[in-house]
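Spelled out, the chains give:
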Amino acid sequence: MSAMRIGVLALQGAFREHIQALVRLGADAVEVRRPRDLDGLDGLIIPGGESTTIRLLMAEYGLDDAIRERIGSGFPVVGTCAGMIVLAKHVDDEASPGLNGLDVQVHRNAFGRQVDSFEEDIAIPALGDTLFHGVFIRAPIVESVGPGVEVLAKLPDGRIVAVRQGSVIGVSFHPELTDDDRFHRLFLSLIAARETTASTTPVCSSPTAVGEVR
Ligand code: GLN
């Protein structure tokens, strides 16, 4: 099987570290700056940075429409920190002009000034029993989730910091800033599982074939 081809939105923020994590896992990592860079990708990572800047630059290059369209047809996307903010449907009580990939309400810079960056080991059951080292940098939290959104992780005080809706994942923290690759590995395995299902599910069965299966 050829290597998986994963794009990393490279307009602003911590995209290089995501690329390094993907390369460590044997994926082809592609910097995405224009809509045509999305062609042929198996998935996309939107990194942390400054969500207002990322959103403006996406709009300027026509990437917002291109990504939104793909998300509508099931394209796998991960957003970390600012990346999750641009995927959210609601940001700080307002409808977000973002990508609308996650039916969640997020609150930006949720941890206040003094403690706006911190690290904490968190339980993420989808990654196994070993806690994951969460690096939170002026991080958002998820205040509420709509139907169809699965909560992947919470802080010990119950605040939601990782969610999944279909093939879109959002996390408050920066998995690319640790050398624990389990999070990126999870994304690649979700894509692989999705592609296997797609290739083994018949698009259309003839009446004869259905009769044979019975
Ligand atoms: N505070 C930033 C924002 O609101 C996100 C910070 C981050 O991505 N590390 O966009």
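That block above? That's the structure.
In this report, we go over the structure that sits alongside the text. What you are looking at is a predicted structure, and each value in this text was computed from that prediction instead of being measured.

## Section: the overall build of the protein chain
And then number 1: For the protein chain, the count of helices and strands is six helices and 13 strands.
And then number 2: Expressed along its principal axes, the backbone C-alpha trace of the protein chain runs to roughly 65 × 40 × 35 Å.
And then number 3: Per-residue burial over the protein chain gives 46% buried out of 214 residues.
And then number 4: Excluding contacts between residues fewer than 6 apart, the proportion of contacts in the protein chain whose partners are at least 24 apart in sequence is 64%.
And then number 5: Carbon and sulfur atoms make up 51% of the accessible area of the protein chain, which amounts to about 10500 Å² in all.
And then number 6: Measuring between centres, the 20 positive side-chain charges of the protein chain sit 3 Å from its 29 negative side-chain charges.

## Quick notes on the site of the ligand
And then number 1: The environment of the ligand is formed by Gly48, Gly49, Glu50, Ser51, Cys81, Ala82, Ile85, Arg108, Asn109, Ile137, Arg138 and His174.
And then number 2: Within the side chain of asparagine 109, one N or O atom sits 2.6 Å away from a nitrogen atom of the ligand.
And then number 3: In the environment of the ligand, a nitrogen atom lies 2.8 Å from a nitrogen or oxygen atom belonging to the side chain of histidine 174.
And then number 4: Counted by class, the shell around the ligand contains four nonpolar, five polar and three charged residues.

## A few points about unusual backbone geometry
And then number 1: Positive phi outside glycine occurs at asparagine 100, with the angle close to 55 degrees.
And then number 2: Relative to the elements of secondary structure, asparagine 100 occurs in the loop between strand E6 (94–95) and strand E7 (102–107).
And then number 3: The phi dihedral of asparagine 109 falls on the positive side, at around 45 degrees, and the residue is not glycine.
And then number 4: Turning to its location among the elements, asparagine 109 is positioned in the loop between E7 and strand E8 (117–122).

Cut-offs applied
- Residues numbered from 1 in each chain as written.
- Predicted model: local features only at pLDDT ≥ 70, side-chain atom pairs only at ≥ 80, totals over all residues.
- Heavy atoms only, no water.
- Helix = DSSP H or I, 4+ residues; strand = E, 2+ residues; numbered from the N terminus.
- Buried < 20%, exposed > 50% of the residue type's maximum accessible area, 1.4 Å probe, protein only.
- Contact = heavy atoms within 4.5 Å.
- Areas by Shrake-Rupley, 256 points an atom, 1.4 Å probe, with all protein chains shown as cover.
- Lys, Arg positive; Asp, Glu negative; His and termini not counted.
- Charge placed at Lys NZ, Arg CZ, Asp CG, Glu CD.
- Near = heavy atom within 4 Å.
- Polar contact = N/O pair within 3.5 Å; in protein donor to acceptor, adjacent residues only side chain to side chain.
- Nonpolar A, V, L, I, M, F, W, Y, C, P; charged D, E, K, R; others polar.

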